[in-house]
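Here is what each chain is made of, one letter per residue.
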Amino acid sequence: MTTERAIVKAILAYLNGRPGCLARKRWGGGMGVAGDPDIDACIRGRSVQLEVKRPGEKPTPLQLKRMEEWRQAGAVVAVVSSVADVKSLLTEVDL
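Conventions adopted
- For every chain, the first residue of its written sequence is number 1, and the numbers climb from 1 along that sequence.
- It should be noted that, the model being predicted, local features are given only for residues of pLDDT at least 70 and side-chain atom pairs only at 80 or more, the latter also being counted only at that level, while totals for whole chains, interfaces and linings use all residues.
- Only hydrogens and water are set aside; all other atoms, that is, all heavy atoms of the structure, feed into the side-chain values.
- Three labels apply to residues, based on accessible area from a 1.4 Å probe with only protein chains included: buried if under 20% of the type maximum, exposed if over 50%, partly exposed otherwise in between.
- Secondary structure elements follow DSSP: runs of H or I of four or more residues count as helices, runs of E of two or more count as strands, with numbering from the N terminus.
- Strand pairing requires that DSSP identify at least two bridges connecting the strands.
- Angles here are taken between N-to-C directions and fall from 0 to 180 degrees, while the axes themselves are lines fitted to C-alpha atoms, restricted in helices to the stretch in contact.
- Any two residues whose heavy atoms approach within 4.5 Å are treated as being in contact.
- The rule for a salt bridge is simple: a side-chain nitrogen of Lys or Arg has to be within 4 Å of a carboxyl oxygen of Asp or Glu.

1. Remarks on the pairing of strand S2 (residues 39–43)
Reasoning step 1: Here S2 shows a clear split, with Ile 39, Ala 41 and Ile 43 buried on one side and none of Asp 40 and Cys 42 buried on the other.
Reasoning step 2: Pairing of strand S1 (residues 21–25) with S2, which is carried by five bridges, proceeds in the antiparallel orientation. Directly across from Leu 22, in S2, lies its bridge partner Cys 42.
Reasoning step 3: Examined bridge by bridge, S2 and strand S3 (residues 46–52) share five bridges and lie antiparallel to one another. Looking at the pairing, Cys 42 lines up with Ser 47 of S3.
Reasoning step 4: Between S2 and S3, which follow one another and run antiparallel, lie two residues, and Arg 44 among them has a positive phi close to 45°.

Structure representation (structure tokens):
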């Protein structure tokens, strides 16, 4: 089975290859906010926050709370498991 780390790497490569997009892996630890989404991206001025999970896995309650905070602030927010998921999301929101 594919690791979450490999999925994140593939998604970052895809996003950073798109014109007008900058995406970074958000690292946990003392300086971060617990539960924040794994990938922080900006696409043509729009904030995109992605929680990456292996297929079949679900976000924790804290992760769901943090994603809702980002959503309420106007970001595009999603749980994704592949580059295909990201492509579908970006098509859906016209980015």
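2. What to know about the sheet that holds S1
In any sheet, the strands associate via hydrogen bonds between backbone groups, in a parallel or an antiparallel arrangement.
Reasoning step 1: An order of S1-S2-S3-S4 is seen for the four strands of this open sheet, with the pairing classed as mixed. The sheet is open, and its two edges are formed by S1 and strand S4 (76–80), each paired on a single side. In this sheet, neighbouring strand axes are inclined to one another by 20° on average, regardless of whether the strands run parallel or antiparallel.
Reasoning step 2: Against the sheet, helix H2 (residues 61–72) contacts S3 and S4, and its axis sits at roughly 150° relative to S4.
Reasoning step 3: Helix-sheet contacts for helix H3 (residues 83–92) involve S2, S3 and S4, and the interaxial angle to S4 is about 155°.

3. What to know about unusual backbone geometry
Reasoning step 1: Unusually for a residue other than glycine, Arg 44 sits at a positive phi of about 45°.
Reasoning step 2: One non-glycine residue with positive phi stands out, namely Asp 94, at about 60°.
Reasoning step 3: By the secondary structure assignment, Asp 94 is in the segment after H3.

4. Let's talk about the pattern of salt bridges
Reasoning step 1: For the structure shown, the criterion picks out seven salt bridges.
Reasoning step 2: Of the charged contacts, one joins Arg 54 and Glu 57 as a salt bridge, the two residues approaching to 3.4 Å between their closest N and O atoms.
Reasoning step 3: Residue classification places Glu 57 among the partly exposed residues on the basis of a relative accessible area of 34%.
Reasoning step 4: The residue Glu 68 makes a salt bridge to Arg 71 at a minimum N-O spacing of 3.0 Å. Within this pair, Glu 68 and its partner Arg 71 are both found in helix H2, separated by three residues, close to a single helical turn.
Reasoning step 5: For Glu 68, a relative accessible area of 32% corresponds to the partly exposed category.

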